[in-house]
Amino acid sequence: MNRSHLTTPPVDEGNGCRGWMERHTIRRKMGSGFDLFGPEASREIAWSRRDFLRTAAGLTAGSALLGFSPLRAVALPRPQKAIVVTFGGGARDEETFAPDGQENIPCLMKTLLPQSTFFTQVVNRGILGHYVATASIVTGDYETFDNFAAVAPDNPTVFEYYRKDLRRPANDAWVIAPSNGFNRIGESDNRAYGQGLGAGVILPKHLLAAAMPKGGVVDYAHLLKDNYETPYYAPVLRGGEVEMKQLESVLKLSVGDFIAHARSLASPDELSVYIAKQLMRQIAPSLLWITLHDIDVAHAGAFSLYLEGIKRTDRLCGELWQAVQSNPEYAGKTNMYILPDFGRDSDLDAGGNGFQHHRTGDALSRTTWMMAMGPGIRQGAMVNRPIESIDLVPTLGSLFGFSARFAQGRAITEAV
């Protein structure tokens, strides 16, 4: 992939992402040679995001968003911790960064964007399934296993690189993830790293299932929904001894307190963030990976639920950054990275189902974004050059000082 800086923006032929899609669908029908599935389309999405955010800069008080230099901040302490937030089922620009969508993401726009470097063009060239795509981000390689198979990644994970090279203990790397297949994401099958060097994996729905009183499933059904994408894959949630040990020994939560708090929550992602905050308070791991999944309710076909998922994910990202700032173990020494695993289909492509799915593999499905923030990262900056989602693991290697020797991605210099 050509990773050189883009120098010439496309001509502004329409307003908003919908205008962008309409004019390029017209180009394709006219036989202009414009490829909706190619790198040109990804570049135009990136430039549209840039223009959306430049226009909105006045909405973020004190923002330096118009400073696009990728230079690192100077004279700041080196971060000692990192938190990665991925979310399954990316939200399209129409519902987020486009002018009509910005009201759905007030935390990202007004709180996090001014404190971050924003990458407008993050490309996923792999399989567009949530588990396999997240595993690709975790390993820095495009994994190729069946998205609905309960298998470990083939390539070493960031957690194994981190723990083996830096000789870190088991409780210093954790994953909090939805339970539809993610139970194997903490550790790979790569023989060079062997067993026991991965991250601890917490599946909040399994914790809840383990703590659930008999007959209480009905009261918590909204927190136990495990898969939106296909009716043929619905794993049984079986909490057990491992989950009870995590609840009591790791998170220091009594069954009663956990159940009582869960009753007040509206979604599985709220449960995940609650667990993440508790883990930060009790153990303060240096490498924490959180995968949110509420947005993927879009597969149900209800646009209102999709928007609700976007708004909730926005709020929860803000809450996590606030938790970093209010925790002395994290404040001033933590970098946080927020990115979708991939995007969603266009409303105008005959091969897809619009916001509901991500099956075409077109530019809107493959081109997302990333926010990076923390003491080593420039605030209010924007990077328009293309990067790939698999670049995150080598970037974390540069941050912590380990070698992501098997990863295909490249370190992102502006994000460390």
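Residues numbered from 1 in each chain as written. Predicted model: local features only at pLDDT ≥ 70, side-chain atom pairs only at ≥ 80, totals over all residues. Heavy atoms only, no water.

A. Up close: the packing of helix α5 (residues 158–166) against helix α13 (residues 392–400). The contact between α5 and α13 brings their axes to 10 Å, and the two run at 25°. Relative to α13, α5 is oriented roughly parallel. Helix-helix and strand crossings are classified by hand; for α5 and α13 the assignment is right-handed. On α13, the residues that touch Val-158, Tyr-161, Tyr-162 and Leu-166 of α5 are Val-393, Leu-396 and Phe-400. (Axes fitted to C-alpha atoms, helices over the stretch in contact; angles between N-to-C directions. Helix = DSSP H or I, 4+ residues; strand = E, 2+ residues; numbered from the N terminus. Parallel < 35°, antiparallel > 145°, perpendicular 65-115°, else oblique. Left-handed = near helix turned anticlockwise from the far one by under 90°. Contact = heavy atoms within 4.5 Å.)

B. Broad picture of the confidence of the model for the chain. Residues at a pLDDT of 70 or more form 76% of the chain, whose mean pLDDT is 81. Contacts from residues 1–34, a stretch scored under 50 in pLDDT, to residues over four places away or in other chains number 61 contacts. In this model, residues 58–76 is a region of pLDDT below 50 whose contacts with residues beyond four sequence positions or in other chains number 35 contacts. (pLDDT = per-residue confidence, 0-100.)

C. Inspection of the nonpolar core at higher detail. In terms of nonpolar packing, the biggest core is built from 63 residues, with Ile-83, Phe-97, Leu-208, Phe-258, Ile-338 and Met-371 touching the most fellow members. With nine residues, the top contributor of residues to this core is helix α11 (residues 303–326). Filtering out sequence-adjacent residues up to four positions away, Met-371 remains in contact with Phe-97, Leu-108, Leu-112, Leu-113, Ser-116, Thr-117, Phe-118, Met-336, Tyr-337 and Ile-338. Formed by 43 residues, the second largest nonpolar core is a distinct cluster that contains Tyr-131, Val-132, Phe-145 and Ile-387. (Core = buried A, V, L, I, M, F, W, Y, C linked by side-chain atoms within 4.5 Å. Buried < 20%, exposed > 50% of the residue type's maximum accessible area, 1.4 Å probe, protein only.)

D. Local environment of the packing of aromatic side chains. In the structure shown here, the tally under the stated rule is 14 aromatic pairs. Between Tyr-161 and Phe-402 the ring centres are 6.1 Å apart and the planes differ by 15°, which places this aromatic pair in the stacked class. On the criterion of sequence distance, the pair formed by Tyr-161 in helix α5 and Phe-402 in the segment after α13 is long-range, its members being 241 residues apart. Among the aromatic residues, ring-to-ring pairing joins Tyr-161, Tyr-162, Tyr-193, Phe-400, Phe-402 and Phe-406 into one connected group. (Phe/Tyr/Trp six-rings, centres within 6.5 Å; stacked < 30°, edge-to-face > 60°.)

E. The pattern of salt bridges, seen in detail. Applying the stated criterion across every chain yields a total of 14 salt bridges. In this structure, the salt-bridge partner of Arg-92 is Glu-95, at a minimum N-O distance of 3.0 Å. Side by side, Arg-92 and Glu-95 carry an identical accessibility label, which is buried. Salt bridges here are not isolated pairs; linked through shared partners, they connect Glu-270, Lys-277, Arg-315 and Glu-319. (Salt bridge = Lys/Arg side-chain N within 4 Å of Asp/Glu carboxyl O.)

F. The environment of Asn-335, seen in detail. Looking at where Asn-335 falls in the secondary structure, it is placed in strand β6 (residues 334–340). A sequence separation of 254 residues divides Asn-335 from Lys-81, and the C-alpha atoms of the two residues are 6.4 Å apart. What Asn-335 contacts, discounting residues up to four positions off in sequence, is Pro-79, Lys-81, Ala-82, Ile-83, Met-373, Gly-374, Pro-375, Gly-376, Ile-377, Leu-399, Ala-415 and Val-416.

G. Expanded view of the state of the cysteines. Tallying each qualifying case throughout the model produces zero disulfides. For Cys-107, which is in no disulfide, the shortest distance to another cysteine sulfur is to Cys-317 and amounts to 8.5 Å. Take Cys-107: its relative accessible area is 22%, and that puts it in the partly exposed class. (Disulfide = S-S within 2.5 Å.)

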